[in-house]
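# Remarks on the overall topology
Take a look at the letters that make up each chain.
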Amino acid sequence: MIRLYDLLIKGVRRLTDSESIDIGIKQDRIVAIGSISDSALKTIDGKGRVVLPPYVESHIHLDTALTCGFPAFNQSGELFEGIKLWNEYRQTMTEKEVTSRALDVIRTMAGQGVLFMRSMVDVSDPNLIALKALLQVKKQVAPFMALQLVAFPQSGLSSQAGREQLDQAIALGIDGISAVPHLEPTREKGVASLVYCFQRAQESNCFLHIFCDEIDDLQSRYLEVVADLAYESGLKERVTVSHLNAMSYYNEAYVRKVISLVKRAEINVVTAPLISSVMQGRLDSWPKGRGITRVKDLHEAGVPVAIAHDDFLSPFYPLGTGSLLNACHMLIHLAHMTGLDDFQDVFEMITSTPAKILNIDNYGIKKGCLANLLLVTASDAHDLIRRQPVAEVVISQGHIIAETPLQQTVLHVADTLKLNDEKLDFV
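Description of the structure in this document. (Residues numbered from 1 in each chain as written. Predicted model: local features only at pLDDT ≥ 70, side-chain atom pairs only at ≥ 80, totals over all residues. Heavy atoms only, no water.)

### Here we look at the layout of surface pockets
The calculated volume of the largest pocket comes to roughly 310 Å³. Pro 53, Gln 344, Phe 347, Ser 352 and Ile 365 are, among the 15 residues lining the largest pocket, the residues nearest its centre. Those elements giving two or more residues to the lining of the largest pocket turn out to be strand 5 (50-52) and helix 11 (342-348). Of all the elements, helix 11 adds the most residues to the lining of the largest pocket, at 3 residues. Of the residues in the lining of the largest pocket, the class split is 7 nonpolar, 5 polar and 3 charged. (1 Å grid on protein atoms, 1.4 Å probe; cavity = no way out; pocket = protein on both sides within 12 Å on 5 of 7 lines; lining within 4 Å. Points joined across faces, edges and corners; volume = space filled by probe spheres on them. Helix = DSSP H or I, 4+ residues; strand = E, 2+ residues; numbered from the N terminus. Nonpolar A, V, L, I, M, F, W, Y, C, P; charged D, E, K, R; others polar.)

Next comes the structure, spelled out in structure tokens:
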């Protein structure tokens, strides 16, 4: 008997459909979708579970991950204490331990269904230890995880040394470059750092991923500069901005202006609700800010918005499980996105939207797409975000790379909780 498929998934359904489908996979591609009776080398009983495209992590720091508490715990929880602790830690950092920590996080997140990742890498270290380690990690995980690396100049680009470090990162083969204008000494130097970053992106054919206005200061207005540079340079959708926390403090007239500039420039936005909700607003008097940018307004204006996990047990964020559904759950609360359609929109902020931002080819559940799939027990996007279940089966490029048994609870006190047969009337 000729087996037409390497892997056959029977009896699953798409998140927004009620119809059951089968999916036939040959090598690394989806080659058939529908009712399939042909044989396969391996068959998975879908058991009515939902089949999802993989989650996409659009902004994480693999170099700082798992360093929480070293050399000390960030007691204030503020950004600048986190930077101080990180600068101390990297004085003793080695390529071996960066590699080990990064692989631990990648394994954790891949097991939960993240198969695409964009990681920031601090290039302020003169020896570029973290970057060299993560370039090797990128090659190592390529069989199951697509990893993009962004040169992140934590110490800024206003100095000659900062620019030389960025140039070295480009020479080593970085995918994208960044700037942190709100941390530069003056607004003028912040603007200059952006101009330099755009210039180098065009020369090196790198994309841009800018840390923008990650500060509770309504005077921090670099987003308009990024949007204008993106529009004038023609880079547009190759430009992504993260955080935009200052936008939550802008007056309404200015918010409308800057969102229109972002829309015109066709740039992308990434929000990180987990870290933003605990790091931002610490200097506010009561009532304190909610910690994130105007996600709902940006989304309703048609701006592509993605949700990222960002930090993972680092000097900047002492928590993190690697679950992007957890990040969605936080955003639902902070952004007041609890309408009927909001849950599906938010789910797409960790799937199809960041897939476009990362320029991922052949993404999705269609014939011809790469066979990157998740099987999860859930009814719809609302159920996924509410319960945050771990993917029970993770398939990368046609291969099963992770399985997590469905969690089931046996209640041993069930008999004592049985109600009498009499009908109960509830008011």
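### Some remarks on the side chain of Asn 245
Note on placement: Asn 245 falls in the loop between strand 11 (239-243) and helix 7 (252-265). For Asn 245, a relative accessible area of 1% puts it in the buried group. Among all residues touching Asn 245, those that are not within four sequence positions of it are Cys 212, Asp 213, Glu 214, Ile 215, Asp 216, Ser 276, Gln 280, Gly 291 and Ile 292. (Buried < 20%, exposed > 50% of the residue type's maximum accessible area, 1.4 Å probe, protein only. Contact = heavy atoms within 4.5 Å.)

### Re the environment of Arg 200
Mapped onto the elements of the fold, Arg 200 is located in helix 5 (residues 187-204). Look at Arg 200 and you get buried, because its relative accessible area is 14%. Between the C-alpha atoms of Arg 200 and Ile 170, which are 30 residues apart in sequence, the distance is 8.8 Å. Setting aside residues up to four positions removed in sequence, Arg 200 forms contacts with Asp 167, Ile 170 and Ile 177.

### Re the pairing of strand 3 (residues 29-34)
Regular strands place side chains that alternate from one sheet face to the opposite one. Pairing geometry for strand 2 (residues 21-26) and strand 3, over 5 bridges, is antiparallel. Across the sheet, the residue bridging to Ile 25 is Ile 30, located in strand 3. (Pairing = 2+ DSSP bridges.)

### With respect to helix 1 (residues 79-89)
Considered for burial, the residues of helix 1 that qualify are Leu 79, Gly 82, Ile 83, Leu 85, Trp 86 and Tyr 89. The arc enclosing the buried residues of helix 1, seen along the axis, measures out at 165°, which places them on a common side. Away from its buried face, by an angle of more than 90 degrees, helix 1 presents the exposed residues Phe 80 and Lys 84. Elements in contact with the buried residues of helix 1: helix 2 (95-111), strand 7 (114-122) and helix 8 (273-279). (Arc of directions from axis to C-beta.)

### Looking at the packing of helix 5 against helix 6 (residues 223-233)
Where helix 5 meets helix 6, the axes come as close as 11 Å, and the angle between the chain directions of the two elements is 30°. Considered as vectors, helix 5 and helix 6 are oriented roughly parallel to each other. Where helix 5 crosses over helix 6, the handedness of that crossing is right-handed. In this structure, helix 5 uses Arg 187, Val 191, Leu 194, Val 195, Phe 198 and Gln 202 to contact helix 6, whose residues at the interface are Glu 224, Val 225, Val 226, Leu 229, Ala 230 and Ser 233. (Axes fitted to C-alpha atoms, helices over the stretch in contact; angles between N-to-C directions. Parallel < 35°, antiparallel > 145°, perpendicular 65-115°, else oblique. Left-handed = near helix turned anticlockwise from the far one by under 90°.)

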